[in-house]
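Each chain is listed here by its residues.
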Amino acid sequence: MSSDDEIVNILSLDGGGVRALSEVMMLDRIMKRIQEKQGLAEMPKPCDYFHLIGGIGTGGIAAILFGRLRMTTTEALTGYENIASEIFSTRKRRLEFSVDFREEKVEKGMKNIMKGRNDGTQMRDEKGERSTGKSFVVARRSDGSLRRIRAYRHEQNQLDFTIYEAARATAASIESSGDRYFSDETKDYKNPIREVLEEATEVLENTAKVGCVLSLGAGTKDIHHRDELTKDGKKRHTEKTNSDMKRRFANVPDTYFRLNVYDMADKVEANKSHEIPAVKSETERWLGTSAMRGVIDRIADVLIKGTTSGVTVDKLTLDEINPKPKQEEEETVESPPAQSVSHANTNSNQLIDYNNNDMDPNDPTYLSEQAALWAQYSEYASALGPSSSESLVLLHRIFKHMLTHEHLSCSLRVAEEGYKRSLARHGPPSAITALTTCSHLGDVITALTLLGEFARAHDLLEGLVGIFVKTLGPEHINTQQAMETLEELKERKRQREWGMGRAMSIMRKHEDWVRGRPEAVLRAEVGDAGYEQKDRDYVNAVAVYAEIPVMDACRAKGGCKETGFREVDEKLAIGGRTSKDVEMEMGLVDDFS
């Protein structure tokens, strides 16, 4: 096979103390799936599927097990657990960080693993060059710079390390609390994916096509806890490296995969061996979700079939691989649909009797479909986090389904929560990279419009138009559609203000006419029919002044409003917060309390 036809796979392993055991477990699940799909009698080895394997810290130790020692995942699970138990033992520990990772513990653990194996002791593989399973570890120098210690020949001269020395060097890269980053944002002492991709361009055929780039993490923090201080006191998002990689591979489907147990870093300490059972439990739970089973299946298929998107090795270090033309990329952003404005009846003076109409807020078909959507959302939120892109897509689907069935008040709550979480994940919608947030803001605007809250919808859309003009340009289709909708909303807002003014005038005239006089006197003055008409006009004016009549199933008898929207709030996991609370958190309204 020529190098142009060769397909290569790449594996990157994060550091993370005992939590890195989850990376070995994830890879074990992938290898078992490959074994099942191919009907293999023996457990396949990662070194036979991945052409380059790199890691840092305890992830570097795992890279040695998979690459240099060419272990199966079954062997590596036992080996890694033993060495982690040795390194992170809490017996007779001192408080000093350097002692926690004493070199003799690393060396002793590696020697125990290698006992009885015929692998040699040098880091450079004495059995010669191999086409798959090339491995290296990333070690941190005292000045914060990174170096690579390889198990294969390289044009850069390097000292002859033993396997033990390489393991000790990468283990020393495990950072102390608050010392994960220097100010150089290209260096991440937990996630070595940049180093791995740079190494790939140096040691793999540049014209070879890339199949799978698999990055394994040792557990994420909750979305609200991901800011850490750099060594020089600056804030840095702990998942920034992964976010950068997702952007880099955004236009290359089924190539970059990142597996990282959600929320485990908040629940499990990294440097205590007694946390190993918790690592196993959290990882098993996460891998057992249908969402993760689907991802594992996709990775296994890419590795088995040798599929590729066509990207070559030499493109791996680009900031963005295969960028789409600007117009094509930006048209994926949703803007609020212009036709949505017409659903609210600004001119109607008819009261909607929610206690006596044919709206069924508990339609069995609707409830069944909603239950299925929420079950899927719950699974994604549990496995990937409530602010993950997959969870946000599910919230958008739930929002659309609610709109279709006229559950407008609930749809607004879902839209507001989706926007809030998108803000937390992507930041304010002020740049091309954050336009995803605009889509969720568009959902909020649509829901407000359908509920007849034209003033709020207009103000939010006015801000969105400004963002589109700045980031997409005034001629872009999204900008044009948003401008058209804004003009229509402006007219609806004007009609609403006029209607409120007219309603206020009717109310004042009626109150001036009544002036505390008895009903009998009023009826005698205008007759029974006249009195009934004036009374209806007044009641309708009060209703119109208070709110625009809209068909909202949530307000029907037996609907969500009767329970204070408790059910949807519980599913969103926003506790006892009211819609107003969410709005204030989002900055949509002011808190005047």
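Residues numbered from 1 in each chain as written. Predicted model: local features only at pLDDT ≥ 70, side-chain atom pairs only at ≥ 80, totals over all residues. Heavy atoms only, no water.

Trainee: Just to check I follow, could you spell out the overall build of the chain for this structure?
Mentor: A tally of helices and strands in the chain yields 21 helices and eight strands. The proportion of buried residues among the 593 residues of the chain is 52%. Partitioning the contacts of the chain with sequence separation of at least 6, the portion at a separation of at least 24 is 77%. Summing over all exposed atoms, the chain offers an accessible surface of approximately 27300 Å²; the carbon and sulfur share of this is 48%. (Helix = DSSP H or I, 4+ residues; strand = E, 2+ residues; numbered from the N terminus. Buried < 20%, exposed > 50% of the residue type's maximum accessible area, 1.4 Å probe, protein only. Contact = heavy atoms within 4.5 Å. Areas by Shrake-Rupley, 256 points an atom, 1.4 Å probe, with all protein chains shown as cover.)

Trainee: I tried to follow unusual backbone geometry on my own but got confused; where do I start?
Mentor: Leaving glycine out, the prevailing phi sign among residues is negative, and the prevailing peptide bond configuration is trans. With phi around 50 degrees, Arg-70 is a residue other than glycine that occupies positive phi space. Position of Arg-70 relative to the elements: it lies in the loop between α2 (58-68) and α3 (73-87). Even without being a glycine, Arg-515 presents a positive backbone phi close to 45 degrees. For Arg-515, the position within the fold is in the loop between α18 (477-514) and α19 (519-546).

Trainee: Help me understand the pairing of strand β5 (residues 209-216), please; the structure alone is not making it clear to me.
Mentor: Within a regular strand, the side chains alternate between the two sheet faces. Where burial is concerned, most of β5 is hidden: seven out of the eight residues are buried. Across six bridges, the pairing between strand β1 (residues 7-13) and β5 is parallel. By the bridge assignment for β5, Val-8 is matched with Val-210. Inspection of the sheet shows β5 paired to strand β8 (residues 256-259) by four bridges, in the parallel sense. Bridge pairing in β8 links Leu-216 to Leu-259. (Pairing = 2+ DSSP bridges.)

Trainee: Can you walk me through the nonpolar core in this structure?
Mentor: Grouped together as the largest cluster of nonpolar side chains are 67 residues, with contacts concentrated most on Ile-30, Met-110, Leu-214 and Leu-259. Counting residues per element, this core draws most heavily on helix α1 (residues 21-38), which supplies eight residues. Setting aside chain neighbours within four positions, we find Leu-214 in contact with Ile-10, Leu-11, Ser-12, Leu-27, Ile-30, Phe-50, Phe-257, Leu-259 and Ile-299. (Core = buried A, V, L, I, M, F, W, Y, C linked by side-chain atoms within 4.5 Å.)

Trainee: Sorry, what's going on with helix α13 (residues 364-384) here?
Mentor: Since there are 3.6 residues in each turn of an α-helix, residues three or four apart along the chain are aligned in direction. The end-to-end C-alpha distance of α13 is 30 Å, a good match for the 30 Å that 21 residues give at a rise of 1.5 Å each. Looking at α13, one finds that the buried residues are Tyr-366, Gln-370, Leu-373, Trp-374, Tyr-377, Ala-381 and Ala-383. On its buried side, α13 packs onto α10 (276-287), α11 (290-305), α14 (389-404), α15 (408-426) and α20 (566-572). Just downstream of α13, Gly-385 is the residue with a positive phi angle, here 105 degrees. (Expected span 1.5 Å × (residues − 1).)

Trainee: Looking at this model, I keep getting lost on the pattern of salt bridges. Mind explaining?
Mentor: Think of it this way: side chains of opposite charge can pair up when their charged atoms draw near. Per the stated rule, a full pass over the model turns up 36 salt bridges. Between Glu-519 and Arg-523 there is a salt bridge, and its shortest N-O distance comes to 2.7 Å. With Glu-519 and Arg-523 both in helix α19 and four residues apart, this pair spans about one turn of that helix. (Salt bridge = Lys/Arg side-chain N within 4 Å of Asp/Glu carboxyl O.)

Trainee: Teacher, can you tell me more about the sheet that holds β1 here?
Mentor: Where strands meet in a sheet, backbone hydrogen bonds hold them as pairs that are either parallel or antiparallel. Pairing is mixed across the open sheet formed by six strands, whose spatial order is β4-β3-β2-β1-β5-β8. Lying at the two open borders of the sheet, with one neighbouring strand each, are β4 (146-150) and β8. The sheet shows a mean angle of 20 degrees between the axes of neighbouring strands, taken without regard to direction. Relative to β4, strand β3 (residues 134-140) is paired through five bridges, and the arrangement is antiparallel. The partner of Val-138 across the bridge, within β4, is Arg-148. Against the sheet, α1 touches β1, β5 and β8, its axis set at about 140 degrees to β5. Together, β1, β2 (52-56), β3, β4 and β5 form the strand contacts of helix α7 (residues 193-203), whose direction differs from that of β4 by roughly 55 degrees. (Axes fitted to C-alpha atoms, helices over the stretch in contact; angles between N-to-C directions.)

Trainee: What exactly am I supposed to notice about the pairing of β2 here?
Mentor: With five of five residues buried, β2 lies mostly within the body of the structure. Alternating positions in β2 separate into two faces, Leu-52, Gly-54 and Ile-56 on one and Ile-53 and Gly-55 on the other, with burial throughout. Across four bridges, the pairing between β1 and β2 is parallel. Bridging from a neighbouring strand, Leu-13 pairs with Gly-55 of β2. In this fold, β1 hands off to α1, which returns the chain to β2; that crossover is right-handed. Pairing of β2 with β3, which is carried by five bridges, proceeds in the parallel orientation. Bridge pairing links Gly-54 to Phe-136 in β3. (Right-handed = clockwise from strand over helix to strand, strands pointing away.)

Trainee: Whenever I open this one, the side chain of Thr-72 confuses me. Can you help?
Mentor: Considering the arrangement of structural elements, one finds Thr-72 in the loop between α2 and α3. Leave out the neighbours within four places in its chain, and Thr-72 touches Met-43 and Lys-45.

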